Structures are given as structure tokens and as C-alpha cells.
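Now for the letters of each chain:
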Amino acid sequence: MTKPRTLEPEQWELWNSWMQAQRLLARELDRDLQRDYGISKAEFSVLVTLQRAAEGQMRVGELAESLGWEKSRVAHQLTRMENRELVDRIANRSGRRIGIRLTAKGRTAVENAILGHGDNIRRYFFETLTPEQAAAIHAWSRQVVDSIEARCGEGPAAP
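Residues numbered from 1 in each chain as written. Predicted model: local features only at pLDDT ≥ 70, side-chain atom pairs only at ≥ 80, totals over all residues. Heavy atoms only, no water.

The protein chain appears in an unreviewed UniProt entry as MarR family winged helix-turn-helix transcriptional regulator from Actinoallomurus oryzae.

Spelled out as C-alpha cells, the structure:
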């Protein structure tokens, strides 16, 4: 095993700046979703995933995998969203819950939020970047994702 090495001061500064930027972006985007559309980032993620699914519905396990969340987290989130009438549980003939689907209210919420959220992402993130910076961040992000997925045996980079 190799001996751990500390980061140089400039590397710590870069890391801390990047982490702060990430936290602030997430905070502002979440605040805007809450204020403008009355939904959280977690709710938005569920709604968008369901909206993109065939017929606006999925099995709960598929939803959890798609979001990268634990099943218990998804179950709690879906209960809250069901109480708000954003989603519906789907049951088979014997009454066993087998999936989840968007309600009309959930579909309206996500359709309204998508444009505004995209505009906020553009305003907070893309408008601050040159095309070259955006391309470099994109390439670096893909490199990090591919490297971690390969190491952990996940995703498309997995053997």
C-alpha cells in the first residue's frame, strides 16, 4: 500500500473552492425550486425520472437505481409525494404495490418546473462559463465519472 500524501496548499484551495461552489449552486437551485414551484430538488428528481419513463411510471426498484438512491430513501420520498398527490402507487390485481406513476398534478408540477429550473441552471452555471471552460468541465466530469464507475464496477464503464 502506498503511503498517503497530503495536498499542496494550492490543491486544497482549489478543492475547497470547488466544494463551496458546488454547495452554493445546489443550495440556490433548491431554493429556487422550492420558492417558484413548491417542490424540492429530491421531488424534482423523482418527477423528472418518472416523466421520462414509459407512460410516466416505473417499478420502485428501477426508480431507486435510476436515481442512485437506497430503496428506503425512495420509499420515504414517495410516501411524502403520494401525500401531496404528485405520484400514485400502482397495484396489481391482488392489491400488491408494484410501481409508481405520475399523477396529473405531478405531471403539471414537473412540466412547469423544468423550464424554470433549466433557466436557473443556465443563469447560475452556464452564463458564468466560456465555451472552453464548459468543454473542459464536461471532459473532466466524464473522466471522473468513468474512473470511479470503473473502479467500483458500476455504470457503463464497468467490465
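## Focus on the overall build of the protein chain
Counting its regular elements, the protein chain contains six helices and three strands. Tracing the protein chain from N to C terminus, the helices and strands come up as α-α-β-α-α-β-β-α-α. Reported as C-alpha extents along the three principal axes, the dimensions of the protein chain are approximately 60 × 40 × 25 Å. The buried share among the 159 residues of the protein chain stands at 26%. If you sum the accessible surface of the protein chain, you get close to 11400 Å²; carbon and sulfur atoms cover 53% of it. (Helix = DSSP H or I, 4+ residues; strand = E, 2+ residues; numbered from the N terminus. Buried < 20%, exposed > 50% of the residue type's maximum accessible area, 1.4 Å probe, protein only. Areas by Shrake-Rupley, 256 points an atom, 1.4 Å probe, with all protein chains shown as cover.)

## Looking at the sheet that holds strand β1 (residues 57-58)
Pairing in this open sheet of three strands is antiparallel, and the strands run β1-β3-β2 from one edge to the other. With one partner strand each, in any of the chains shown, β1 and β2 (87-91) form the two edges of the open sheet. Here helix α2 (residues 41-52) sits on the sheet in contact with β1, β2 and β3 (97-102), set at roughly 95 degrees to β3. (Pairing = 2+ DSSP bridges. Contact = heavy atoms within 4.5 Å. Axes fitted to C-alpha atoms, helices over the stretch in contact; angles between N-to-C directions.)

## Things to note about the UniProt feature "domain: HTH marR-type" (unreviewed entry) in the protein chain
In the numbering used here, UniProt assigns the feature "domain: HTH marR-type" (unreviewed entry) to residues 11-146. For residues 11-146, the helix share is 71%, the strand share is 10%, and the end-to-end C-alpha distance is 22 Å. (UniProt positions renumbered as here; feature names shortened; annotations may be inferred.)

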